[in-house]
Amino acid sequence: WSGWGGMEREDQLYALLAILGSGLAACWLDELEPRRNISAQAYGSIPIPLTQSAMSDLAEAGRNMVDAVQSGNHNVLYLAAQALERAVATAYRLPKEALSAITRTLSGLPAPEGITRYPSGPEERGELQSVDETEARQFLVSVQF
């Protein structure tokens, strides 16, 4: 993909890990194939941001998430997971409606690393903020398939 530009292979991997480990990807795949075995075609249908800067930000979030998992520190892990979700929301320019749908769908469910990224109780809620409304576009328009 030409959008990788001069990104190191390792950064490419971390960017993909951030995308595939996000709530957006979980919801995307659940919509396409709401069963246990997910096809390669479904994974291949996940849109990828077009800009190298977005991919670099995702790579940083992915690397931080891996480091947080390896640290074993629950608080560090929670903060890294929240940062990853924010990086994905920003990279995809997710509008408030999309963020709300992801939050509703994943509310109270454990993420792969074992924490709850989208708490269900109002006292725990730390909802992601939408990107600036003037910049928000539906992510299907702003990403490559």
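Predicted model only: the values in this text are computed from it and were never measured.

Definitions and cut-offs
- Within every chain, residues take consecutive numbers counted from 1 along the sequence as written.
- Per-residue local features are limited, in this predicted model, to residues with pLDDT of at least 70; the limit for side-chain atom pairs, both in listing and counting, is 80 or more; totals at the level of whole chains, interfaces and linings are taken over all residues.
- Only hydrogens and water are set aside when side-chain values are computed; all heavy atoms of the structure are taken into account.
- Each helix is a run of H or I in the DSSP string that is no shorter than four residues. Each strand is a run of E no shorter than two, and both are numbered from the N terminus.
- Working definition: with a 1.4 Å probe on protein chains only, accessible area under 20% of the residue-type maximum means buried, over 50% means exposed, and in between means partly exposed.
- The span you would expect from a helix comes to 1.5 Å times its residue count less one.
- Here, residues are in contact when the closest pair of their heavy atoms is within 4.5 Å.
- In protein, a polar contact means a hydrogen-donor-capable atom and an acceptor-capable atom, both N or O and within 3.5 Å, with residues adjacent in sequence counting only if both atoms are side-chain atoms; elsewhere, any N or O pair within 3.5 Å suffices.
- Salt bridges are counted wherever a side-chain nitrogen of Lys or Arg sits within 4 Å of a carboxyl oxygen of Asp or Glu.
- Note: pLDDT gives the predictor's confidence per residue, expressed from 0 to 100.
- For every element, the axis is a line fit to its C-alpha atoms; helices are fit only across the contacting stretch, and the angle between N-to-C directions ranges from 0 to 180 degrees.
- An angle below 35 degrees is read as roughly parallel, one above 145 as roughly antiparallel, one from 65 to 115 as roughly perpendicular, and any other as oblique.
- We call Asp, Glu, Lys and Arg charged. Ala, Val, Leu, Ile, Met, Phe, Trp, Tyr, Cys and Pro are nonpolar, and the rest, Gly among them, are polar.

1. Quick notes on the overall build of the chain
Next, step 1: If you tally the helices and strands in the chain, you get seven helices and two strands.
Next, step 2: Along the chain, helices and strands appear, N-terminal first, in the series α-α-α-β-α-α-α-α-β.
Next, step 3: Expressed as a percentage of its 145 residues, the buried residues of the chain come to 40%.

2. Details of helix α5 (residues 74–91)
Next, step 1: With 18 residues, α5 extends 26 Å between its outermost C-alpha atoms, agreeing within 8% with the 26 Å of an ideal straight helix rising 1.5 Å per residue.
Next, step 2: Buried within α5 are the following residues: L77, A80, A81, Q82, L84, E85, A87, V88, A89 and A91.
Next, step 3: Where the residues of α5 are buried, they touch α1 (9–20), α2 (23–32), β1 (48–49), α4 (52–71) and α6 (96–106).
Next, step 4: Where α5 starts, the residue carrying a side-chain oxygen 2.9 Å from the main-chain nitrogen of N75 turns out to be N73.

3. Here we look at the pattern of salt bridges
Next, step 1: Evaluated as defined, the whole model comprises four salt bridges.
Next, step 2: Across the salt bridge formed by E85 and R117, the nearest N and O atoms sit 2.5 Å from each other. Here E85 is found in helix α5, whereas its partner R117 is found in the loop between α6 and α7 (139–142), with 32 residues between them in sequence.
Next, step 3: For E85, a relative accessible area of 4% gives the class buried.
Next, step 4: As a salt-bridge pair, R117 and E113 come within 2.9 Å of each other at their nearest N and O atoms.
Next, step 5: We classify R117 as buried; its relative accessible area is 6%.
Next, step 6: Connected through salt bridges with shared partners, the residues E10, D11 and R63 form a single ionic network.

4. Section: the confidence of the model for the chain
Next, step 1: Chain-level pLDDT for the chain is 81 on average; 81% of the residues reach the 70-or-more range.
Next, step 2: pLDDT under 50 marks residues 123–145. Its contacts with residues more than four places away, or in other chains, come to 54 contacts.

5. Observations regarding the packing of α2 against α6
Two quantities define a packed helix pair, namely the angle between the axes and the distance from one axis to the other.
Next, step 1: In the contact formed by α2 and α6, the axes pass within 10 Å of each other and the chain directions differ by 75°. With respect to α6, the element α2 is oriented roughly perpendicular. Residues G23, L24, A26 and C27 of α2 form the contact with α6, whose own contacting residues are I102, T105 and L106.
Next, step 2: Residues that form the contact of α2 with α6 fall into these classes: five nonpolar, two polar and no charged.

6. Details of the side chain of E33
Next, step 1: When you line up the elements, E33 lands in the loop between α2 and α3 (40–44).
Next, step 2: By relative accessible area, which is 11% here, E33 ends up buried.

7. A word on the packing of α1 against α4
Next, step 1: Two elements in contact, α1 and α4, have axes whose closest approach is 7 Å; the angle formed by their N-to-C orientations is 80°. Judged by the inter-axis angle, α1 sits roughly perpendicular to α4. Contact residues: E10, D11, Y14, A15, L17, A18 and I19 in α1; M55, L58, A59, G62, R63 and V66 in α4.
Next, step 2: Residue composition of the contact of α1 with α4, by class: nine nonpolar, one polar and three charged.

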